[in-house]
There are 2 protein chains.
Amino acid sequence: MRITIIGSGNVATHLAAAFKNAGHRIVQVYSRDAHNAALLAYHVGAEAIDDLTLVNPETDVFIIAVRDDVIIKLAEKLAPYKKLIAHTSGATHIEALLAITDNAGVFYPLQTFSKTKEVDFWSVPLCIEGADEQITRNLEQLARTVSNNVYRVNSLQRKTLHLAAVFACNFPNYLYGVAQQLLGEQNMGFEMLRPLILETAQKVQAHFPADVQTGPAVRNDENTMAAHLQMLGNDPELAKIYSLLSQEIIKNNNGGHRHG
Amino acid sequence: MRITIIGSGNVATHLAAAFKNAGHRIVQVYSRDAHNAALLAYHVGAEAIDDLTLVNPETDVFIIAVRDDVIIKLAEKLAPYKKLIAHTSGATHIEALLAITDNAGVFYPLQTFSKTKEVDFWSVPLCIEGADEQITRNLEQLARTVSNNVYRVNSLQRKTLHLAAVFACNFPNYLYGVAQQLLGEQNMGFEMLRPLILETAQKVQAHFPADVQTGPAVRNDENTMAAHLQMLGNDPELAKIYSLLSQEIIKNNNGGHRHG
């Protein structure tokens, strides 16, 4: 397919590279920052533009990978070309695009991207939604050229995935940082925790989290939890986090509503 | 070395197997549960005992891998044999053993173990403490036969590691379960989140958490956070967790005391 990438951030960068590797032609890369557009365009053999009046209409799909609050403004400028427009946002309803064009879809990669780290794109879940069955199929077909994990996901489900990703990715990463801070206070380095962090994530690749939960809370080991809270005494926010999460683990383990 | 394993739980099982693979002789495995003792003993070519009066004194070290609250009771029964006694607990001070014997140490593996999952023991951080320099060296030497990550760690540091592990492992695993629950409410399966969870842990193998933090909180994206809180409206505990962790991420990102 002929693909035009709108955006030059993390998602745009990884998507463009995956499409290019799969043999698609990246026609243009747009970014309001000419330097960023040029960098990514060079990388994927495309033309760089920093002005949407320079769009090449000889393309099949515009993939919009920009901040949520500018998606619609950009889509409005692309609609006159009458080509398929797909956004990549977890939090943006397809209706927002449908107010502009019937030829609309969503191509949402459920992954955390950094420009500095390669990702095995074949394992990235791609969540597809189209304005109609034909668009959905076209986007699914495109998705299958770059990933083995392609899902049909409606806008409500996608919003839920986006929220779940905060719990599965953003919050754990923050907690890794808390652990690093605690070690630092005792002159120990973060490298000591890396094998534990990796193993914790690897465990749930084959099991469900509730089945491999370990630690003082799931054992209801009150002595250890009290000792930990005392150690956190000089940081009331961390103590609050410790109490709240421990209580929820205890509740779940006692046959709470959550994990049965 | 000749090693006697006291306990038959997750830590005992993985340690015994690692020692056996490294060419050490596992003399006996003790568990008050005769069946569990027999299972592990068979696996590592040792004799099983469920009564400490049957201990074979022809050993070099007793490795105590049992629940924290029974360590000392068992150590008292082993002290008369005058051999090195090491516990494997993150939360138990070496002083607790020193009240019983001078020939004491700690051999704490900083990892989450499940019987159902193999672990690459070479990457497991082993945290060593000895009652004196000679004991420390002997335990370090033993540790290096099974792991590439051997650290000298005093009892205060070990307590901190144990606390940090709750933040780096137990709490993230709980949050994976929350994400699973949210998906389930929209008829989506946990497998959709597995690549994201793995990538999140892999990212911090080469980076520090604060440098790869993503999500609405670190962008201070108030619209998305408000929408997420609304979606969690029928679960006040999850909403509280969401608010608290998001606030802390925002605080850190604004040059808070934690990650600079």
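The structure displayed is predicted, hence computed values, not measured ones.

Quick look at the overall build of chain A
- A count of helical and extended segments in chain A gives nine helices and eight strands.
- On the principal axes, the C-alpha backbone points of chain A span a range of 70 × 40 × 30 Å.
- With 260 residues in all, chain A has 52% of them scored as buried.

Observations concerning the pairing of strand β5 (residues 84–87) of chain B
Residues and elements named next belong to chain B.
- Burial of β5 is two-sided: the residues L84 and A86 facing one way and the residues I85 and H87 facing the other way are all buried.
- Where strand β4 (residues 61–64) meets β5, four bridges bridge the pair, whose relative direction is parallel. When the sheet's bridge partners are listed, I63 is paired in β5 with A86.
- Each parallel crossover has a hand, and for β4 linked through helix α3 (residues 71–78) to β5 it is right-handed.
- Of the strand pairs in this sheet, β5 and strand β6 (residues 104–109) are connected by three bridges, and their pairing is parallel. Residue pairing across strands places I85 opposite A104, the latter belonging to β6.

Comments concerning the relation of the copies chain A and chain B
- Rotating chain A by 180° and moving it 0.0 Å along the rotation axis overlays it on chain B with an RMSD of 0.0 Å. Taken together, the rotation and translation relating the two chain copies correspond to the operation of a two-fold axis. Within chain A, the C-alpha atom positioned nearest to the axis of rotation is that of P172 of chain A, 2.4 Å from it.
- When the interface residues of chain A are mapped onto chain B, 100% of them again fall at the interface, so both copies present the same face.

Focus: the interface of chain A and chain B
- Counting residues at the interface gives 77 residues for chain A and 77 residues for chain B.
- Listed by contribution, the elements that provide at least two residues to the side of chain A that touches chain B are β8 (149–152), α6 (155–185), α7 (194–206), α8 (222–231) and α9 (236–253) of chain A.
- At 26 residues, the largest contribution of residues to the side of chain A that touches chain B is made by α6 of chain A.

Some details on unusual backbone geometry
- With a phi angle near 60°, N187 of chain A is a residue other than glycine that sits in the positive phi range.
- Within the secondary structure, N187 of chain A sits in the loop between α6 and α7.
- Positive phi outside glycine occurs at K82 of chain B, with the angle close to 60°.
- Mapped onto the elements of the fold, K82 of chain B is located in the loop between α3 and β5.

Considerations on the sheet that holds strand β1 (residues 2–6) of chain B
All names here are of chain B.
- Taken in spatial order, the eight strands line up as β3-β2-β1-β4-β5-β6-β7-β8 in an open sheet, and their pairing is mixed. Looking at strand neighbours, the two that pair on one side only are β3 (47–49) and β8 (149–152), the edges of this open sheet. Averaged over neighbouring strand pairs, the angle between their axes works out to 25° when direction is ignored.
- Note that β1 and β4 share four bridges and pair parallel. Its bridge partner lying in β4, I6 is registered against I64.
- Where helix α5 (residues 133–144) meets the sheet, its contacts fall on β5, β6, β7 (125–130) and β8, and the angle it forms with β7 comes to roughly 160°.
- In this fold helix α6 (residues 155–185) packs onto β6 and β7, with an angle of close to 150° to the strand it touches most, β7.

Comments concerning the nonpolar core
- Counting residues in each nonpolar core, the largest one holds 171 residues, and the members touching the most others are I63, I64 and A168 of chain A together with I63 and A168 of chain B.
- Excluding residues that lie within four positions of it along the chain, A168 of chain B makes contacts with L175, Y176, A179, L193, L196 and I197 of chain A.

Here is what the cut-offs are and how they apply
Residues numbered from 1 in each chain as written. Chains lettered and ligands numbered in written order. Predicted model: local features only at pLDDT ≥ 70, side-chain atom pairs only at ≥ 80, totals over all residues. Helix = DSSP H or I, 4+ residues; strand = E, 2+ residues; numbered from the N terminus. Buried ≥ 20, exposed ≤ 12 C-beta atoms within 10 Å, placed from the backbone. Pairing = 2+ DSSP bridges. Right-handed = clockwise from strand over helix to strand, strands pointing away. Least-squares fit on C-alpha atoms with pLDDT ≥ 70 in both. Contact = placed C-beta atoms within 7 Å. Axes fitted to C-alpha atoms, helices over the stretch in contact; angles between N-to-C directions. Core = buried A, V, L, I, M, F, W, Y, C linked by C-beta atoms within 7 Å.

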